[in-house]
Amino acid sequence: MEFKFNPREEAFRQEVETFLKDALPPDWAEKDISWPGGYGSGGFRGDDTLEILARYRKKLIEKGWNTISWPKEYGGREYTYIEQAIFDERTSYYRAPNIDVIAGGMVAPTILRVGTEAQKKKWIPRIAAGEISMWLGYSEPNAGSDLASIQTTAIQDGDEYVINGQKVWSSLAHISDYAWLIVRTDPSAPRHKSASFFLVETKSPGITIRPLQNILGNYHYNEVFFDNVRVPAENLVGEKNMGFYHLMTALDFERVVLVGIGGFKRILEELVAQVKKTERDGLPLPNIQSVRLKLARIATEIEAGYLLTWRTAEMLDKGLSPSVESSALKLVATELSRKMAEAAMDIFGPYSLIEEETAFTPFRGMAPRGYLDCISATIGAGTSEIQRNIIAYRGLGLPRK
Ligand SMILES: Cc1cc2nc3c(=O)[nH]c(=O)nc-3n(C[C@H](O)[C@H](O)[C@H](O)COP(=O)(O)OP(=O)(O)OC[C@H]3O[C@@H](n4cnc5c(N)ncnc54)[C@H](O)[C@@H]3O)c2cc1C
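The residue numbering used here restarts from 1 in each chain and proceeds along that chain's sequence as written. Side-chain atom pairs in this predicted model are given and counted only at pLDDT of 80 or more, local residue features only at pLDDT of at least 70, and totals for whole chains, interfaces and linings cover all residues. Side-chain numbers come from the whole structure's heavy atoms, not from hydrogens or water.

Peer 1: Sorry if this is basic, but what is going on with the overall build of the protein chain here?
Peer 2: The helix and strand labels rest on DSSP assignments: H or I over at least four residues marks a helix, E over at least two residues marks a strand, and numbering proceeds from the N terminus. For the protein chain, the helix and strand inventory stands at 12 helices and 10 strands. For 401 residues, the compact-globule estimate of 2.2 N^0.38 gives 21 Å, and the C-alpha radius of gyration of the protein chain, at 22 Å, lies within 12% of that figure. Along the longest, intermediate and shortest principal axes, the C-alpha atoms of the protein chain span 75 × 50 × 45 Å. Buried means the residue's accessible area, taken with a 1.4 Å probe over protein chains only, is under 20% of the maximum for its type, while exposed means over 50%, and partly exposed covers the values in between. Counting only residues that meet the buried cut, the protein chain has 53% of its 401 residues in that class. When contacts within the protein chain are restricted to residue pairs at least 6 apart in sequence, long-range pairs at least 24 apart make up 72% of them. Total accessible area on the protein chain is roughly 18,900 Å²; 54% of this is exposed by carbon and sulfur atoms. Treating the 48 positive side-chain charges of the protein chain as one cloud and the 52 negative ones as another, the clouds have centres 3 Å apart. We take the radius of gyration over the C-alpha atoms and set the globule estimate at 2.2 Å times the residue count to the 0.38 power. We call two residues contacting when some pair of their heavy atoms lies within 4.5 Å. All accessible-area figures derive from a Shrake-Rupley calculation using a 1.4 Å probe, and residue coverage is judged against the displayed protein chains alone. Asp and Glu count as negative and Lys and Arg as positive, but His and the ends of the chain are not part of the count. Here the site of a charge means atom NZ of a Lys, CZ of an Arg, CG of an Asp or CD of a Glu.

Below, the structure written as structure tokens:
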């Protein structure tokens, strides 16, 4: 085993760095206030943010870096998943915007694995060109951790299916073109052979979207109601009634793509830098034992996150399914999200509560936002308890219950 990038990977890493320095303003990472793992704090301070985002997105698509690991015949670069992981690590370190992460990072790789040739031809080029954005329609009021309990149905009627039911916590549904929707297509069949995936246009007649405000007061997710929504049968993706098996593949990609381990490293670096220039009661913070221990624990767990990042990528490159590893990665990273926020709040004491940027604000006011936002990290994409259950059941061979 050789623990380093090969020359091609190293060159690619450099190329990504150069690209980011060119494509984003030099102070971008210092302005961004998103918390790694969190869903709701994504906010950039500045009037020109939208313009910068649009420019970055265009450059990224021109470069083909929204499709790094996809096969060339579908518009991809056909790089390895290790190279994809290098890209994700560097972009998260520089806090580059996450572009088309659902369509490009979760749905397209799933279609490439489970879709028919016709389905790939229909959807992949449009996703590669950045023409369509997507939201994930999995959770329902009575089905979250146990997605096999979903009740939304799609019943075939000639060349169409008719969808009825409700989804909830649907992130970004209000600004995305298509729902990547799992619904029950054979309600009488055994649960795991009764569901299918569809791509459903969000503006279809019969869809009603209601906003839900998150803990930071942001509008990030929604309730979505389906009332006799008609979708062409050709929009079914994968094999009919095998949706729960396809869901496992989609969730593996989601857990990997959401982490962005470089963002955790960046926060730790900023935390350490702030600690080094701060005193408490005349004593420099770096000399306080409890502060040092907290930071050392975080540094160790970030290292575990890095190793799991490379390990899942290596398994994907070998065509294996990194189910246990992606759960472990999601678990380690999102628990870290919470530990880092708690550490930041503890270490800087009452000053941590200041969000507004003043001469006394430590850490650019990130701590209070992170403290609220990190709660979403260990719930979205499957809670920590569910990740531990997957590791126990699939990894250790323990019984399901
Ligand atoms: C910020 C955010 C964004 C989200 N975005 C989306 C989205 O875009 N699309 C989407 O479909 N969903 C989304 N979700 C929903 C998310 O996937 C669910 O909230 C999550 O899977 C948990 O489901 P639940 O809320 O129904 O909780 P429940 O499943 O009811 O769980 C409640 C509690 O019980 C625990 N629990 C449940 N079952 C077990 C078990 N077997 N063993 C041990 N403990 C258990 C859970 O860990 C949790 O602590 C989002 C959630 C958040 C917080």
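Peer 1: What is the right way to read helix 11 (residues 366-377) from this model?
Peer 2: Every α-helix carries 3.6 residues per turn, so stepping three or four residues along brings you back to the same face. The span one expects for a helix is its residue count, reduced by one, times 1.5 Å. A rise of 1.5 Å per residue sets the reference length of helix 11, with its 12 residues, at 16 Å; its end C-alpha atoms lie 16 Å apart and thus fit the reference within 8%. For helix 11, the set of buried residues is Met 366, Ala 367, Pro 368, Arg 369, Gly 370, Asp 373, Cys 374 and Ala 377. In this structure, the buried residues of helix 11 make contact with helix 8 (261-276) and helix 10 (323-347).

Peer 1: I keep staring at the site of the ligand and nothing clicks. Help me out?
Peer 2: A single heavy atom is enough: if one lies within 4 Å of a molecule or strand, its residue is considered near that molecule or strand. By nearness alone, 18 residues border the ligand, and Ser 139, Ser 145, Trp 169, Thr 383 and Glu 385 come closest of all. In protein, a polar contact means a hydrogen-donor-capable atom and an acceptor-capable atom, both N or O and within 3.5 Å, with residues adjacent in sequence counting only if both atoms are side-chain atoms; elsewhere, any N or O pair within 3.5 Å suffices. A distance of 2.8 Å separates a nitrogen atom of the ligand from a polar atom in the backbone of Leu 136. Look at the ligand: alone it shows 970 Å² of surface, and the protein chains cover 65% of it. Looking at the shell around the ligand element by element, the count peaks at 3 residues for helix 12 (residues 384-395). For this scheme, ten residues count as nonpolar: Ala, Val, Leu, Ile, Met, Phe, Trp, Tyr, Cys and Pro. Four count as charged, namely Asp, Glu, Lys and Arg, and the remainder, Gly too, count as polar. Classifying every residue of the shell around the ligand by side-chain character gives 8 nonpolar, 9 polar and 1 charged.

Peer 1: Just to check I follow, could you spell out the pairing of strand 3 (residues 160-168) for this structure?
Peer 2: The side chains of a regular strand alternate between the sheet's two faces. Here a strand pair is declared whenever DSSP counts at least two bridges between the two strands. In terms of strand pairing, strand 2 (residues 153-157) meets strand 3 through 5 bridges, oriented antiparallel. The residue bridging Ala 154 from the neighbouring strand is Ile 163, located in strand 3. The antiparallel hairpin formed by strand 2 and strand 3 contains 2 residues in its connecting segment, where Gly 158 sits at a positive phi of about 65°. In terms of strand pairing, strand 3 meets strand 7 (residues 219-232) through 8 bridges, oriented antiparallel. When the bridges of strand 7 are listed, Glu 160 appears paired with Pro 232.

Peer 1: In this structure, what is going on with the packing of helix 4 (residues 81-93) against helix 8? I would like to understand it.
Peer 2: Convention adopted: a line fitted to C-alpha atoms gives each axis, helices being fitted over their contacting stretch, and angles between N-to-C directions are expressed from 0 to 180 degrees. Packing of helix 4 against helix 8 leaves a shortest axis separation of 6 Å and a crossing angle of 35°. Helix-helix and strand crossings are classified by hand; for helix 4 and helix 8 the assignment is right-handed. Contacts between helix 4 and helix 8 involve Glu 89, Ser 92 and Tyr 93 from the former and Ile 261, Gly 262, Gly 263, Lys 265, Arg 266 and Glu 269 from the latter. Counted by class, the contact of helix 4 with helix 8 contains 2 nonpolar, 3 polar and 4 charged residues. Handedness of each helix crossing follows the sense of rotation of the near helix against the far helix: counterclockwise by less than a right angle gives left-handed, clockwise gives right-handed.

Peer 1: What exactly am I supposed to notice about the layout of surface pockets here?
Peer 2: Any space left empty among the atoms is revealed by the rolling of a water-sized probe across them. Volume-wise, the second largest pocket comes out at about 510 Å³. The method works on a 1 Å grid over the protein atoms by themselves. A cavity is a set of points holding a 1.4 Å probe that cannot get out, a pocket is an open set with protein on both sides within 12 Å along at least five of seven lines, and residues with an atom within 4 Å of a point line them. Looking at the second largest pocket, it is lined by 14 residues, and the ones nearest its centre are Glu 2, Phe 3, Lys 4, Ile 82 and Trp 310. Per element, the largest residue contribution to the lining of the second largest pocket is 7 residues, and it comes from helix 9 (residues 289-317). Taken together, the residues that form the lining of the second largest pocket break down as 7 nonpolar, no polar and 7 charged. Grid points are joined across faces, edges and corners, and a volume is the space filled by probe spheres set on the points.

Peer 1: Got a minute to help me understand the pattern of salt bridges in this structure?
Peer 2: Once their charged atoms are close, side chains differing in charge can pair, the charge on each being opposite to the other. Every case where a carboxyl oxygen of Asp or Glu lies within 4 Å of a side-chain nitrogen of Lys or Arg is listed as a salt bridge. Applying the stated criterion to the full structure yields 29 salt bridges. Residue Glu 15 is joined to Lys 63 by a salt bridge in which the shortest nitrogen-to-oxygen separation is 3.3 Å. One end of the pair, Glu 15, is in helix 1 (residues 7-23); the other, Lys 63, is in helix 3 (residues 49-63), and 48 residues separate them in sequence.

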